[in-house]
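Residue strings, one per chain:
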Protein chains: 2
Amino acid sequence: MLPISQQTLDENIKKLGVASEDKISIRETVRLANMLEKASGEKFIRFEMGVPGLKPPQIAIEAEHEANLKGLGAIYPPVNGIDELKIEASKFAKNFININVPPECCLPATGSMQGCFAAFMVANRTDAKKGKTLFIDPGFPVNKAQLRALGMEYYSFDVYNYRGQKLESKLEEFLSCGDVSTILYSSPNNPSWINFTDEELQIIARMANKYNVIVLEDLAYFGMDLRRDISTPGQPPYNPSVANYTDKYIILLSGSKSFSYAGQRISVMMISPAVFNSNYPDLLKYFGNANFGHAMIFDALYTLSTGTTHSVQCGFAAILRACNNGEYNFVNDIREYAKRAKFLKEQFLNNGFSIVYELDGQEPIGDGFYFTVKYPGLTGTQLIKKLLRYGISSIGLNICGSEHTDGLRICVSQLSEDLFPVIKERLEKFHNGN
Amino acid sequence: MLPISQQTLDENIKKLGVASEDKISIRETVRLANMLEKASGEKFIRFEMGVPGLKPPQIAIEAEHEANLKGLGAIYPPVNGIDELKIEASKFAKNFININVPPECCLPATGSMQGCFAAFMVANRTDAKKGKTLFIDPGFPVNKAQLRALGMEYYSFDVYNYRGQKLESKLEEFLSCGDVSTILYSSPNNPSWINFTDEELQIIARMANKYNVIVLEDLAYFGMDLRRDISTPGQPPYNPSVANYTDKYIILLSGSKSFSYAGQRISVMMISPAVFNSNYPDLLKYFGNANFGHAMIFDALYTLSTGTTHSVQCGFAAILRACNNGEYNFVNDIREYAKRAKFLKEQFLNNGFSIVYELDGQEPIGDGFYFTVKYPGLTGTQLIKKLLRYGISSIGLNICGSEHTDGLRICVSQLSEDLFPVIKERLEKFHNGN
């Protein structure tokens, strides 16, 4: 029966032993929702996890199986990637971002998680006097956990008040300290679904050039800003990227969301040739070679996992080839998420909520994988707890480096169409109860 | 035409730009052999790479495909492993090592490379006053590169002169410094194929207990010491392990060699429950939790790659289940390597070579994946170069932490039976030419 009573909620929070009064981690939310599902007998609506809700492309399944039948499962993968994947990734960069990254600079990793870990490992050690990362937040909290695990430090700021031209002086404030090696952001952004405008990307590039900083551009949601359809190979519009404005970049292209391939753990790092071919003597403290590309392949990726699963490299190569050839339109598949977001936003707005991060420049953000909401008079943690009583599970922006501690992240991926009337009813009940 | 002239060899070495006069890395050897193959028109015999030469088990190929057809490729794998793999790994530990490791303490990693990286990350940070690894060498040089990449330090010694009872005081010499957190060795050993005797494993365990050190036991060649057939589940003899004598261990069980599954990058860490459940406050500097198991799963394995490829977890679970049920005898498959080793050793011994590491206690080492050779009057590097002239490629023990710098490692995996007469002829030609 919904709503669950305040007492049942409190008892379960106590039982779980939530670490902090003000913060609930994603894992704690998931477990709490599981416990409350049991207690109430009601299936919860899951907005908390950023996991794909679609099937992986059949073409990948077939390519993996073919690779396995050929016996590749017994053979160590080339650490720098199979030729086919490198070539298709290079073509993909040209076809969909309109940048030139030669195959040798396209390296597979075991998901963008590993790609980012490896990028921190190498890029943050190119200059012994630097070593910090600057996060343009909000962002994925695990990237900060990666730095902590590596014993590295970071700066961060919430971009909310520094959109457009204001971004430049804000970046300069941190970069002028002289100890930053890398800037990291995601665009489309997790959790807020903002996208940097071309003006903003140019500012980031200009600052990277000025302060000799490598930009780690996390394209985890590649092509998923559906306001522009980038899905025709070799034709504008292209997916925006800082790589159009600087040669100091590493693009992290993930298979997980855009290609519904999260289970198989694969991504491609597209490393600017200018970075890839540079020598940084300070790398020799940690690696066998001062050359960036060499250290990345034979020290970082090699010591992390001896490369990426062989059959999965074949699967991802098949996906990218089909995109390059115009045989597979990955954007069509992910339009499903936009449909869900459009419906959901309406329901939230109809019931007293508002959107936290709502504009890119003058333009409203697109409908996609995530959006952010708040409700008048409640902190983020209060809102999470109250929504749980109505069978709705979500996470707070306070764990994502946002200053908007009243905001929640809503991930639409698990909301299949049969749940539309259910969420409508629950949100109305929630709003009427307040 | 073989032998290749000294001049051609020298020219190619110069062209490649080998970094050191005294050392040739594996990668340099591979490239040099490729160049000389081209120059001579003769196919080389490849002893340099420790890669499996058999097909992966059909049962794994089928299980992977089934998982993919079910759509698991789109779903993030559980970072601590799918239940089925954890359960089968726990049973495997009981059936083939005769130890009790509950499923929760069995964690998949993206190959033992990642398993070892994660083990260093966590175990070497359990005590801020410690932090070094002690390598019982010879060993796999990349494990040292992992520590370097992590900014960690190590001790090492060649065990050749410290077998049996002598091992105790040698270990104590290092451990009594008080700054060692972990001991790492492989048994069967890469490169020497020695196996620690039960007496030696007991000594290692005793020292680990005395100095509160975690033993990282790399079982990359599990069951491949064919002097004892450990392949019947639940029946002695069992695979030897230090875990029989101490509760301070992490076993690294690799899929790569014993199960011919190297391409798919999977291993299982079997962590002693005593370690897994311990709290180490010093971990909090790097991780979100002081509990070893929690830090290993949600900090190390999560930040390294968000777990291990979903379908491959299903594939490895299927292999282990078939072993546990007595339906698949993995030792029968790898007997092929012993056949090759037996033949090859004879050829080397007939032609003036001798075995470097030849005994475990009083017993000659078994026939398996590797063995070591030397030739009178030549250093290791001289011998590598001379053998290259006869179309034979190998690596030196000097890059593996061995003091026997005249020794070479011979890996038999690539020597299929049709090459038997070829290697016989080349070794005879080599010997007669000296």
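Structure: above.
Just so we're clear, the structure is a prediction, and the values are computed from it rather than from any experiment.

### Observations regarding the relation of the copies chain A and chain B
Here two copies of a chain appear, and what relates them is a rotation about an axis with a shift along it.
No. 1: Mapping chain A onto chain B calls for a rotation angle of 180° and an axial translation of 0.0 Å; the resulting RMSD is 0.0 Å. In short, the pair behaves as if placed about a two-fold rotation axis. Considering only C-alpha atoms, the part of chain A nearest the rotation axis is A:His65, at 3.0 Å.
No. 2: When you check the interface residues of chain A against chain B, 100% turn up at the interface there too, and the contact is symmetric in its surfaces.

### Looking at the packing of aromatic side chains
No. 1: Counted under the stated rule, the structure contains 65 aromatic pairs over all chains.
No. 2: In this structure an aromatic cluster arises from ring pairing among A:Phe47, A:Phe348, A:Phe353, A:Phe371, A:Tyr375, A:Tyr390 and A:Phe430.
No. 3: A:Lys144 extends its terminal NZ or CZ atom over the ring of A:Phe135, reaching a point 4.9 Å from the ring centre.
No. 4: The ring centre of B:Tyr286 lies 3.7 Å from the NZ or CZ of B:Arg125, which sits over that ring.

### Side note on the side chain of A:Thr303
No. 1: Within the secondary structure, A:Thr303 sits in helix H10 (residues 292–305).
No. 2: Separated by 2.6 Å, the side chain of A:Thr303 and the backbone oxygen of A:Asp299 make a polar contact.

### Examining the interface of chain A and chain B
No. 1: Contacts between the two partners involve 61 residues from chain A and, on the opposite side, 61 residues from chain B.
No. 2: Around 4500 Å² of area is buried between chain A and chain B when both sides are counted, 57% of it from carbon and sulfur atoms.
No. 3: The largest per-residue losses of area from chain A upon contact with chain B belong to A:Tyr76, A:Arg148 and A:Thr303, which jointly make up 15% of the total buried on that side.
No. 4: The tally of links from chain A across to chain B stands at 0 salt bridges.

### A closer look at the nonpolar core
No. 1: In this structure, A:Met270 and B:Met270 are the most contacted members of the largest nonpolar core, which totals 301 residues.
No. 2: Apart from residues no more than four positions distant in its own chain, B:Met270 is found in contact with B:Ala89, B:Phe92, B:Ala93, B:Ile97, B:Val101, B:Cys105, B:Cys106, B:Tyr249, B:Ile250, B:Ile251 and B:Leu253.

Parameters at a glance
- Residues numbered from 1 in each chain as written.
- Chains lettered and ligands numbered in written order.
- Predicted model: local features only at pLDDT ≥ 70, side-chain atom pairs only at ≥ 80, totals over all residues.
- Heavy atoms only, no water.
- Least-squares fit on C-alpha atoms with pLDDT ≥ 70 in both.
- Contact = heavy atoms within 4.5 Å.
- Phe/Tyr/Trp six-rings, centres within 6.5 Å; stacked < 30°, edge-to-face > 60°.
- Lys NZ or Arg CZ within 6 Å of the ring centre and 35° of its normal.
- Helix = DSSP H or I, 4+ residues; strand = E, 2+ residues; numbered from the N terminus.
- Polar contact = N/O pair within 3.5 Å; in protein donor to acceptor, adjacent residues only side chain to side chain.
- Buried area = accessible area lost by both parts, 1.4 Å probe.
- Salt bridge = Lys/Arg side-chain N within 4 Å of Asp/Glu carboxyl O.
- Core = buried A, V, L, I, M, F, W, Y, C linked by side-chain atoms within 4.5 Å.
- Buried < 20%, exposed > 50% of the residue type's maximum accessible area, 1.4 Å probe, protein only.

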